[in-house]
Amino acid sequence: MKKAKLKSIVSCLTVSAFLAGCSTVPTKTDNTDAASTAKTTETSAVSTAAASSKLSWDKVNDPSLKGQEITVLVVDTDGKIGTLFKQFTEKTGIKVNELAVDYNSLYGKITTAALSNSSDIDVVEMDTIWAGQFLKGNIAEDLTNVIPADVQKKYTQSSLSSAMFDNHLMGIPYYSSTKHFYWNKDLLKKAGYDAPPKTWDEFREVSKKLTTNGVYGSGWAWKQAEGLICDYVSMVYAFGGNMIGDNGKLTVNSKESVQTLQYMSDLINTDKTVDPASLQWTEEDVKNAFMAGKIAMMSNWENMYPDLNDPTKSKVVNQSDVGLLPGQGNIVSSSVTGSEGIAIMKSSKKKQAALAFLSWIGSRDFQVPFYANTGTYPSLQELYTDEAIIKADTTKSLSKIMPEFQYGHNRPNAPGYVEWADILSNQVVSGLTKHQTPQQALDEASKKIDEAIKTAAK
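Computed from a predicted structure; not experimentally measured.

## Overview of the sheet that holds strand β8 (residues 216-218)
Item 1. The mixed open sheet is built from 4 strands, whose spatial order is β8-β9-β7-β10. In the strand order of this sheet, the two ends are held by β8 and β10 (320-323), each with one partner. The average angle at which neighbouring strand axes cross in this sheet is 20°, direction not considered.
Item 2. Taken together, the 4 bridges between strand β7 (residues 180-184) and β10 define a ladder with antiparallel strand orientation. Within β10, the position partnered with F181 by the bridge is G323.
Item 3. Set on the sheet, helix α10 (residues 200-210) makes contact with β7, β8 and β9 (295-300); between it and β9 the angle comes to about 140°.

Here it is in structure tokens:
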């Protein structure tokens, strides 16, 4: 995870501007099985099939591409990624013009280019919550039938599913990311535990014993923002729920969703084992509280090390460990994905050269130095046993981080997600602050989201 997931995104009004006539209702996608997710699906749209036919995976190494130039829009605030792109040029002769931006500028530049049908940008970084928008908004090429199924299967479940919407592959998996479970070993040992909780029932009981002497059992990014939705989605699936109902539509007030919000409310209001500042915290705030020894457990992204063991920043040096987030019942673990993809703009005039770039992004040639230079976890599954990656793992956490990637679940990434997330986070906060019961809060969320979907579809 190379950046915090508390994101301010372009207003849904901008989204609606180029989605007129497009369905804003998500359809059910199985994102828990990498093999099924990787399965090539037939595309009914003639325009998609025609566009795909112009791209050939067999020609990504075609020497005739040498001398072409492509422009790549990515988040790269320190220039490390752009430096790696030079290796692609050296290998292929295709020049890369990097357009580096901060995250909050990324989506605006993409939508501006899409609205104007500009061919100035060929390749773009795609957050997981944009996959549906990229498909239904006709922003990016559908690569489902372009990238072979056997190639798709090489990527981690987290990274592959994050680049998909409704079984359509909208980009090459860029990196792997989910939230993970961190705990203070010393505090758990003092409370009488030699291992972290494996279920959310156990978590609740452990939290009660850990909350003492000014230390809380846990802290969370439960400010009304994307971090809250990430934790909420993760728990809904842990309790056996699904954000997409059997009817193929977004469902936010299922019994499992209500159970999840009730559980979260009980932790902070009844048990009082959650630091109350969590309602104002981002993931970075949670990390800081954990490093200060103020909380014993947290859910956070995979980039917490080496800071947790840096004596200039942390008071819990060598006291922490990381592993699977708790599950419930027969569910081993459940997390939320934060992986991203790299996509080809529909308006690009250099699509075959762009596809060659995507092929390289998804290869060992890029993934190994990407991890070594930035600490960003590979999307290629096989690299987790690669000697070069293991050697670059200075935090010695690779083997503990990787298993969670198979338990990642997407946030509903259909068109309109931005507005749904804002409505849902507002109502989840209402349940957490006891302004409404969990049932009332989520029933109102369902009603407001349905209204928003109907309005956007007009």
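## Topic: the packing of aromatic side chains
Item 1. For the coordinates displayed, the defined rule picks out 25 aromatic pairs.
Item 2. Ring geometry for F88 versus W360: centroids 5.4 Å apart, planes at 45°, classification tilted. In this pair, F88 sits in helix α4 (residues 80-92) while W360 sits in helix α14 (residues 351-361), placing the two residues 272 residues apart along the sequence. With respect to class, F88 is no different from W360; both count as buried.
Item 3. With a centroid separation of 5.7 Å and 20° between ring planes, the pair formed by Y103 and W130 is classed as stacked. Of this pair, Y103 sits in helix α5 (residues 103-116) while W130 sits in the loop between β3 (123-127) and α6 (131-136), placing them 27 residues apart in sequence. Neither residue differs from the other here; Y103 and W130 are each classed as buried.

## Some remarks on the pairing of β7
Item 1. Judged by how many residues are buried, β7 sits mostly within the fold: 5 of 5 residues are covered.
Item 2. What you see with β7 is no split at all: H180, Y182 and N184 on one side and F181 and W183 on the other are buried throughout.
Item 3. As paired elements, β7 and β9 share 4 bridges and run antiparallel to each other. Within β9, the position partnered with F181 by the bridge is S299.

## Brief notes about the nonpolar core
Item 1. Grouped together as the largest cluster of nonpolar side chains are 134 residues, with contacts concentrated most on F85, F134 and F357.
Item 2. At 9 residues, the largest contribution of residues to this core is made by helix α11 (residues 226-238).
Item 3. Beyond its immediate stretch of four places on either side in the chain, F357 contacts I70, V72, F85, F88, V96, V123 and I342.

## Here's the deal with the pattern of salt bridges
Item 1. Taken as a whole and judged by the stated rule, the model has 14 salt bridges.
Item 2. Salt-bridge contacts for R364 lead to D386; the nearest nitrogen and oxygen are separated by 2.8 Å. Within this pair, whereas R364 is found in helix α15 (residues 364-374), its partner D386 is found in the loop between α15 and α16 (387-392), the two being separated by 22 residues in sequence.
Item 3. Residue class for R364 comes out partly exposed when judged on its relative accessible area of 38%.
Item 4. Among the charged side chains, a network of salt bridges with common partners joins E141, K346 and K351.

## Focus: the confidence of the model for the chain
Item 1. Confidence in the prediction of the chain, expressed as mean pLDDT, is 89, and 88% of residues score 70 or more.
Item 2. In the predicted structure, residues 1-52 sits below a pLDDT of 50 and forms 128 contacts with residues beyond four places in sequence or in another chain.

## As for the sheet that holds strand β1 (residues 69-75)
Item 1. Spatial ordering of the open sheet is given by β2-β1-β3-β12-β6, a layout of 5 strands whose pairing is mixed. In the strand order of this sheet, the two ends are held by β2 (95-101) and β6 (172-175), each with one partner. In this sheet, neighbouring strand axes are inclined to one another by 30° on average, regardless of whether the strands run parallel or antiparallel.
Item 2. One ladder, built from 5 bridges, connects β3 with strand β12 (residues 340-344); its direction is antiparallel. By the bridge assignment, M126 is partnered in β12 with G341.
Item 3. Its contacts with the sheet put α4 on β1, β2 and β6, and the angle it makes with β2 is roughly 165°.

## Topic: empty space enclosed by the protein
Item 1. Going through the model one piece at a time under the given rule, you end up with 3 cavities of 30 Å³ or more.
Item 2. Within this model, the second largest cavity holds a volume of roughly 60 Å³.
Item 3. Lining the second largest cavity we find 11 residues, and of these I129, Q133, G416, Y417 and V418 sit closest to its centre.
Item 4. Tallied by class, residues from the lining of the second largest cavity come to 8 nonpolar, 3 polar and no charged.

## Brief notes about the packing of α11 against helix α18 (residues 417-432)
Item 1. The contact between α11 and α18 brings their axes to 9 Å, and the two run at 75°. As the angle between them shows, α11 and α18 are arranged roughly perpendicular. Together, E226, L228, I229 and Y232 of α11 and Y417, A421, L424, S425, V428, V429 and L432 of α18 make up the contact between the two elements.
Item 2. In terms of residue class, the contact of α11 with α18 is built from 9 nonpolar, 1 polar and 1 charged.

Analysis parameters
Residues numbered from 1 in each chain as written. Predicted model: local features only at pLDDT ≥ 70, side-chain atom pairs only at ≥ 80, totals over all residues. Heavy atoms only, no water. Pairing = 2+ DSSP bridges. Helix = DSSP H or I, 4+ residues; strand = E, 2+ residues; numbered from the N terminus. Axes fitted to C-alpha atoms, helices over the stretch in contact; angles between N-to-C directions. Contact = heavy atoms within 4.5 Å. Phe/Tyr/Trp six-rings, centres within 6.5 Å; stacked < 30°, edge-to-face > 60°. Buried < 20%, exposed > 50% of the residue type's maximum accessible area, 1.4 Å probe, protein only. Core = buried A, V, L, I, M, F, W, Y, C linked by side-chain atoms within 4.5 Å. Salt bridge = Lys/Arg side-chain N within 4 Å of Asp/Glu carboxyl O. pLDDT = per-residue confidence, 0-100. 1 Å grid on protein atoms, 1.4 Å probe; cavity = no way out; pocket = protein on both sides within 12 Å on 5 of 7 lines; lining within 4 Å. Points joined across faces, edges and corners; volume = space filled by probe spheres on them. Nonpolar A, V, L, I, M, F, W, Y, C, P; charged D, E, K, R; others polar. Parallel < 35°, antiparallel > 145°, perpendicular 65-115°, else oblique.

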